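Letter by letter, the chains look like this.
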Amino acid sequence: MAKLLWVTILSCIILGAITVTQVHGEILESLPFLGQFLNAEGSLGFLEILRSAIANFLTGARWMWLGVLTLLSLVYTAWLVVRKILSILFSPLNLHRALGDLGYTEIEGVKSQKDVANIVRRRRKIGDVPPVYPNGWFSLIASRDVPKGQARSVSVLGQHFAVFRGEDGKAYILDAYCPHMGANIGIGGRVIDNCLQCPFHGWTFRGEDGKCVNIPYAKKIPDIAKTKQWPCFEANGQIMVWHHAEGIDPTWMPEVMPEIDTGDWTFKGKTVHIINAHIEEIPENGADLAHLHHLHKPFIAAGVDLRYIYNPIYAMFSHKWVAQWEPLPAPDQHIGELNLVHSIEVWGYTIPFTTLSVTVHQVGPGLVNLKFKSVFGSGVFIQTLTPEEPMLQRLTHEIYYDWWMPAFLPKLMLRGEAMQVDRDVMIWNNKTYVSKPMLVKEDQLIAKHRRWYSQFFSENSPRLSFQKENNSEW
Ligand code: FES
Ligand SMILES: [Fe+2]
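This structure is a prediction, so every number in the text was calculated from the model and none was measured.

(A) Main features of the coordination of the iron ion (ligand 2). Those protein atoms acting as donors to the iron ion (ligand 2) are Asn 285 (OD1), His 291 (NE2), His 296 (NE2), Asp 424 (OD) and Asp 424 (OD), and they sit at 2.0 to 2.3 Å. Read in sequence order, the donor residues for the iron ion (ligand 2) give the motif N-x5-H-x4-H-x127-D. A residue pair is termed long-range when its members are at least 10 positions apart, and His 296 in the loop between helix 9 (289-292) and strand 13 (317-327) and Asp 424 in helix 10 (residues 408-428) qualify at 128 residues. Of the two residues, His 296 and Asp 424, both sit in the buried class.

(B) Molecular detail of the packing of aromatic side chains. Under the counting rule described, the total for this entry stands at 16 aromatic pairs. Relative to Tyr 401, the ring of Phe 372 has its centre 5.6 Å away and its plane inclined at 45°; by these criteria the two rings are tilted. Of this pair, Phe 372 sits in strand 17 (residues 367-374) while Tyr 401 sits in strand 19 (residues 392-402), placing them 29 residues apart in sequence. The pair formed by Phe 372 and Tyr 401 is uniform in burial state, with each residue classed as buried. If you follow Arg 144 out to its NZ or CZ, it ends over the ring of Phe 267, 3.9 Å from the centre.

(C) Region of the structure containing the sheet that holds strand 11 (residues 238-243). The three strands are arranged 2-11-10 in an open sheet whose pairing can be described as antiparallel. Edge positions in the sheet fall to strand 2 (136-142) and strand 10 (232-235), since each of these pairs with one other strand and no more. When strand polarity is set aside, the average angle formed by the axes of neighbouring strands in this sheet is 35°. Bridge count for strand 2 against strand 11 is six bridges, and the pairing is antiparallel. Pairing of Ser 139 across the sheet is with Met 240, part of strand 11.

(D) A look at the nonpolar core. Leu 140, Phe 161, Val 163, Ile 173, Val 241 and Phe 372 are the most contacted members of the largest nonpolar core, which has 67 residues in total. Inspection of this core shows a minimum of three residues originating in each of domain 2 (96-130 + 253-470) and domain 3 (138-238). The contact partners of Phe 161, leaving out residues within four places of it in the chain, are Leu 140, Arg 152, Ser 153, Val 154, Val 156, Ile 173, Leu 174, Ala 176, Trp 230 and Val 241. Judged by nonpolar contacts, the second largest core, of 17 residues, contains Tyr 172, Ala 176, Leu 196 and Trp 203.

(E) Spotlight on the sheet that holds strand 3 (residues 151-156). Strand order in the open sheet formed by three strands is 3-4-5, and the pairing between neighbours is antiparallel. Both edges of this open sheet fall to strand 3 and strand 5 (171-175), since each of them pairs with a single strand only. For this sheet, the mean inter-axis angle between neighbouring strands, taken without regard to orientation, is 30°. Across six bridges, the pairing between strand 3 and strand 4 (residues 159-165) is antiparallel. Within the sheet, the bridge partner assigned to Ala 151 lies in strand 4 and is Phe 164.

(F) Structural detail: empty space enclosed by the protein. Applying the stated criterion across every chain yields a total of two cavities of 30 Å³ or more. Volume-wise, the largest cavity comes out at about 60 Å³. Taken together, Asn 236, Gln 238, Met 240, Pro 254, Glu 255, Leu 367, Val 368, Asn 369, Ile 382 and Gln 383 make up the lining of the largest cavity. Listing elements by their share of the lining of the largest cavity, those giving two or more residues are strand 11, strand 17 and strand 18 (377-389). The leading source of residues in the lining of the largest cavity is strand 17, at three residues. Considered class by class, the residues forming the lining of the largest cavity number five nonpolar, four polar and one charged. Taken together, Arg 124, Ile 126, Ala 277, His 278, Glu 281, Met 391, Trp 428, Lys 431, Thr 432 and Tyr 433 form the lining of the second largest cavity. Here the lining of the second largest cavity is built from residues that sort into five nonpolar, two polar and three charged.

(G) Region of the structure containing a nonpolar patch on the surface. A contiguous nonpolar surface patch, about 500 Å² in accessible area, is contributed by Val 81, Ile 85, Ile 88, Leu 89, Phe 408 and Leu 412. Of all the secondary structure elements, the ones that give two or more residues to the nonpolar patch are helix 5 (64-90) and helix 10. A per-element tally of the nonpolar patch places helix 5 first, with four residues. On the basis of relative accessible area, Ile 88 is assigned to the partly exposed category, the value being 38%.

(H) Molecular detail of the pairing of strand 10. As judged from the four bridges shared by strand 10 and strand 11, these two strands associate in the antiparallel manner. Of the residues in strand 11, the one forming a bridge with Cys 232 is Val 241. Linking strand 10 back to strand 11 in an antiparallel pair, the connection comprises two residues, with Asn 236 at a positive phi of about 55°.

(I) Summary view of the layout of surface pockets. Size it by volume and the largest pocket reaches roughly 1100 Å³. Taken together, 43 residues form the lining of the largest pocket, with Trp 321, His 342, Gly 416, Glu 417 and Gln 420 sitting closest to its centre. With eleven residues, the top contributor of residues to the lining of the largest pocket is helix 10. Its residues assigned to classes, the lining of the largest pocket shows 24 nonpolar, 16 polar and three charged. Quantified by volume, the second largest pocket comes out at close to 390 Å³. Secondary structure elements with two or more residues in the lining of the second largest pocket: helix 8 (281-287), helix 9, helix 10 and helix 11 (444-453). Of the residues contributing to the lining of the second largest pocket, the split by class is nine nonpolar, three polar and seven charged.

(J) Up close: the pattern of salt bridges. Across all of its chains, the model carries 13 salt bridges by this definition. Across the pair Arg 121 and Glu 389 runs a salt bridge, and its minimum N-O distance is 3.2 Å. Of this pair, Arg 121 sits in helix 6 (residues 113-123) while Glu 389 sits in strand 18, and the two are 268 residues apart along the sequence. As a salt-bridge pair, Glu 398 and Lys 270 come within 3.7 Å of each other at their nearest N and O atoms. Taken as a pair, Glu 398 in strand 19 and Lys 270 in strand 12 (residues 265-275) lie far apart in primary sequence, 128 residues in all. Accessibility assignment for this pair places Glu 398 and Lys 270 in one class, buried. Several salt bridges converge on common partners, so that one network encompasses Glu 106, Asp 305 and Arg 307.

Reading the values: rules and limits
- Residues numbered from 1 in each chain as written.
- Chains lettered and ligands numbered in written order.
- Predicted model: local features only at pLDDT ≥ 70, side-chain atom pairs only at ≥ 80, totals over all residues.
- Heavy atoms only, no water.
- Donors = N, O, S within 2.8 Å, 3.2 Å for Na, K, Ca; no water.
- Helix = DSSP H or I, 4+ residues; strand = E, 2+ residues; numbered from the N terminus.
- Buried < 20%, exposed > 50% of the residue type's maximum accessible area, 1.4 Å probe, protein only.
- Phe/Tyr/Trp six-rings, centres within 6.5 Å; stacked < 30°, edge-to-face > 60°.
- Lys NZ or Arg CZ within 6 Å of the ring centre and 35° of its normal.
- Pairing = 2+ DSSP bridges.
- Axes fitted to C-alpha atoms, helices over the stretch in contact; angles between N-to-C directions.
- Core = buried A, V, L, I, M, F, W, Y, C linked by side-chain atoms within 4.5 Å.
- Domains from an automatic or database assignment.
- Contact = heavy atoms within 4.5 Å.
- 1 Å grid on protein atoms, 1.4 Å probe; cavity = no way out; pocket = protein on both sides within 12 Å on 5 of 7 lines; lining within 4 Å.
- Points joined across faces, edges and corners; volume = space filled by probe spheres on them.
- Nonpolar A, V, L, I, M, F, W, Y, C, P; charged D, E, K, R; others polar.
- Patch = residues over 30% accessible without salt bridge, like charges linked within 9 Å, V, L, I, M, F, W, Y side chains within 5 Å.
- Areas by Shrake-Rupley, 256 points an atom, 1.4 Å probe, with all protein chains shown as cover.
- Salt bridge = Lys/Arg side-chain N within 4 Å of Asp/Glu carboxyl O.

Here it is as structure tokens:
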């Protein structure tokens, strides 16, 4: 849509310019060369020149084919350049940072970063971490990745889910393993109406309640023939599941951004980070104000490797953060609110137009909405955090911005956000969890955040099996 708008605007400008030059043809006639193309006869003069140019090519004997090839390669190069420019301006960003892509330093004699990551994972002292899968809503997959009539398998939170979109357009979540003989119905399963058919023997399960509605070779469907159906909620471009260790129904719901549903804000890009840390470490970052003024202060151009961010070349620039974190009162006690103002300074003076005010809502343990407003428009970063393994988190950021804005600016913002996260990743991938941290008075929000976060654990919340985790490879 934004692409259409901007192409229309540019076309109008070009057409307007041509009209003006046609009207004032006599001015252009005084200019050599251009006047020939756009003289009083307009396109007739241009066609005549083109015709004689082609005729020259054809009669130009030995140079003819060289001329044709040059012309073709010029046209092709121009097409590539235009395509690249359009992609920079309008295509959404898609950035995936796998474990090992960043956040680790070299180990002598180990060549691959993947091996380095595995060694650090094995050797690291994990610490006395809280339960590994908190209770709440978690994003399983982006809505656009599950088209109507298709199914996906997603393994997170120690569970295996089959996510599919029925013919009614609604998303459903069932247990991935078929209760008949254990096939994964998210892999090769067929969507029939609003049900999912197992690829092994054809048992068919209803998305709404998990009940088996068809066994192709049986005369009778037993009452017990059903699979687990998980509470599902779709909003903000995400298909979310309610996970609770005690099996209770949702006690709160995710925040919905109406601007995404109405199309006022459209998708402009996504980043994914795979992080080796306990899930609580990541939102705790929002209440850790001291780290903002240290880790995130050096200018982003200095990079994300913490060994080199104090590069004197960029010392005149710095990021300034003003922040406050506070849990909301009941009935929104599951939301932690961070008010953040970010700007870029040069020699202590704020650079105009770099100020960005962000209201961050940490909604339970797995969802964060970062709404922002600037002179260039408004939008939201939809952040999701889902444990793929006890100590392996998938952190995603999707940016939705005013529909009319070319993706270029939102992509720049998303890249900036991703680079700040990259710096955190280097800390998270290598740290230990300290259950009783040595806090000073100025760190008190960290303790407050831990008390707030404890509401997402319950009696049966799964704890880390040290032996399993320490032997794991990825
Ligand atoms: S395993 Fe699914 S129908 Fe048999
Ligand atoms: Fe951070």
